[in-house]
Amino acid sequence: MQAHQWSQQEGTLVGVSHIPNGPEQPKGPEKPEQPDRPEQPGKWSRRGVLAVLGVVPAAVLTGCTASANASDGSTPKAAGATAPTLTVTPADGTRNAAFTSPVRVTASTGTLSRVKVTSDDGSTLPGTFNDTRTKWTSTRNPYSGTAYTVTAEAQGGAAETVAFTTEAPDDTFVGYFTPEAGSTSGVGMPVSINFTHAVTDRAAVEKAITVTADPKVAVVGHWFSDTRLDFRPEEYWAAGTKITLGLRLKDVEGADGVYGTQSKDVTFHIGREQISTVDLAEKTMTVRRDGQTLATYPVSGGDAEHTTWSGIMVISERFEETRMESSTVGLGDEYDIDDVPHAQRLTTSGTFIHGNYWASASIFGSSNTSHGCIGLRDAKGADDTSTPGYAFYESSMLGDVVVVENSGEDTVDPANGLNGWNLSWTDWQAGSAL
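The structure presented is a predicted model; accordingly, all values stated were derived computationally and were not measured.

A.B. asks: Help me understand the sheet that holds strand β24 (residues 311–314) in this model?
C.D. replies: Sheet strands pair by backbone hydrogen bonding; their relative direction is either parallel or antiparallel. Taken in spatial order, the five strands make up an open sheet running β23-β22-β21-β29-β24, and their pairing is mixed. In this open sheet, the two edge strands, each paired with only one partner strand, are β23 (292–298) and β24. Each adjacent strand pair in this sheet contributes to an overall mean axis angle of 20°, direction not counted. Relative to β23, strand β22 (residues 284–289) is paired through six bridges, and the arrangement is antiparallel. Pairing of M285 across the sheet is with Y297, part of β23. Its contacts with the sheet place helix α3 (residues 388–395) against β21 (274–279), β22 and β23, and it is angled at close to 145° to β23.

A.B. asks: Help me understand the pairing of strand β29 (residues 401–405) in this model?
C.D. replies: Regular strands have side chains that alternate between both faces of the sheet. β29 sits mainly inside the fold: four of its five residues count as buried. In this sheet, β29 lies alongside β21 in parallel orientation, the contact comprising five bridges. The partner of I275 across the bridge, within β29, is V401. As paired elements, β24 and β29 share four bridges and run antiparallel to each other. When the bridges of β29 are listed, V314 appears paired with V401.

A.B. asks: Help me out: how do you make sense of α3 in this one?
C.D. replies: P388, G389, F392, Y393 and S395 are the residues of α3 that are buried. Seen from one end, α3 has its buried residues packed into an arc of 165°, which puts them on one side.

A.B. asks: Would you explain the environment of S119 in this entry?
C.D. replies: One can find S119 in strand β5 (residues 112–119). Here S119 falls in the buried class, since its relative accessible area comes to 7%. Each C-alpha atom of the pair S119 and A147 lies 5.7 Å from the other, and the pair is 28 residues apart in sequence. Residues in contact with S119, not counting those within four places in the same chain, are T146, A147 and Y148. In this structure the side chain of S119 is engaged in a polar contact, spanning 2.7 Å, whose partner is the side chain of S123.

A.B. asks: Where do I start with the pattern of salt bridges in this structure?
C.D. replies: Across all of its chains, the model carries eight salt bridges by this definition. One salt bridge in this structure joins E317 and R345, with 2.6 Å as the shortest N-O distance. Taken together, the residues E317 in strand β25 (residues 317–325) and R345 in strand β26 (residues 336–345) connect sequence positions 28 residues apart. Judged by relative accessible area, which is 32%, E317 ranks as partly exposed. A cluster of three or more residues bridged by salt bridges with shared partners is formed by R323, E325 and D336.

Cut-offs used in this document
Residues numbered from 1 in each chain as written. Predicted model: local features only at pLDDT ≥ 70, side-chain atom pairs only at ≥ 80, totals over all residues. Heavy atoms only, no water. Pairing = 2+ DSSP bridges. Helix = DSSP H or I, 4+ residues; strand = E, 2+ residues; numbered from the N terminus. Axes fitted to C-alpha atoms, helices over the stretch in contact; angles between N-to-C directions. Contact = heavy atoms within 4.5 Å. Buried < 20%, exposed > 50% of the residue type's maximum accessible area, 1.4 Å probe, protein only. Arc of directions from axis to C-beta. Polar contact = N/O pair within 3.5 Å; in protein donor to acceptor, adjacent residues only side chain to side chain. Salt bridge = Lys/Arg side-chain N within 4 Å of Asp/Glu carboxyl O.

Take a look at the structure:
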């Protein structure tokens, strides 16, 4: 459309031109002049006003005509609008970012359309937007000693990429667990974890560890010390149970400035149920498997000066042959036997149930003569399959339960070996930090 020029003094439209691409409009008859209403200088004439009104619709239409780029589906930006600015914390290029704070992405204007945080191993860091989608915050902290890439995009803006690396902690700890991953154990086997550094924040560490059972049963942790945490159900595990230990200790601060390093799941299984009851008044051991009596063996326990611990004990180590030396258990030089057959540990302090070839066969079932261990008749070399020592060893596995009665001794300390079953369920639960 070509420009129109108005003359204020004459109140008439001059230099009128036609609109291109439209048909030329025929001229109508001119209206007679009205001399009784003279036009005033400096005022718009009625004809001038009508002329202006006549061209406004064309200007509006022209202003609403779609641009050449409208077909790409984009939304036209308002005049004066600025591109969104994204702020990522930690900043791009940070080499020793803190791993004790979450990752944050903020849009200064507009809303965030997507955010993805990927570590160098390909895993992603989860996060959530606020209600207005102007902020995104990771739901957990990034891992220590890890490189991350952040890709973020705001509505109407281009995607931006930021990379940073977190620092590594100066001091760390791990938890060594029993039983071994993939192993099968007896029904008395607790999940026992020993830490390489004393734990002062027990709640934080216990919260980062889960023990689940299938079939499902409640499992609770119990701290025996600042370096040992055991888990067990109220009763022995059911035969055939699958147990999963979840360790999420990585970057958990167990003590001031000391962080865990493990993030893993391990599974193990419970086999058949075998519970052996040793009656040292009768000097016999009755072995029951899955509720049925498997065997009864004559035994010999600790003598009057070296009584055997009573209570519930769990087999924690097994040796076809091993050396036993009295000095290692505070008994001086009373004995040193380098080939004790079929030895199975019941306490950390040195109580075993084992084969015995050096004593007279007549003592088994008739006399308690040992230094605190439980002995069964056996043969030197551990290869005589006819002996009770051999037979019991072959029938046993780690985690099997041995209950000692009528020994004349106190109940074993629950922390002495894997023997937490000697605590009531109430006392066991009281040892949890959660």
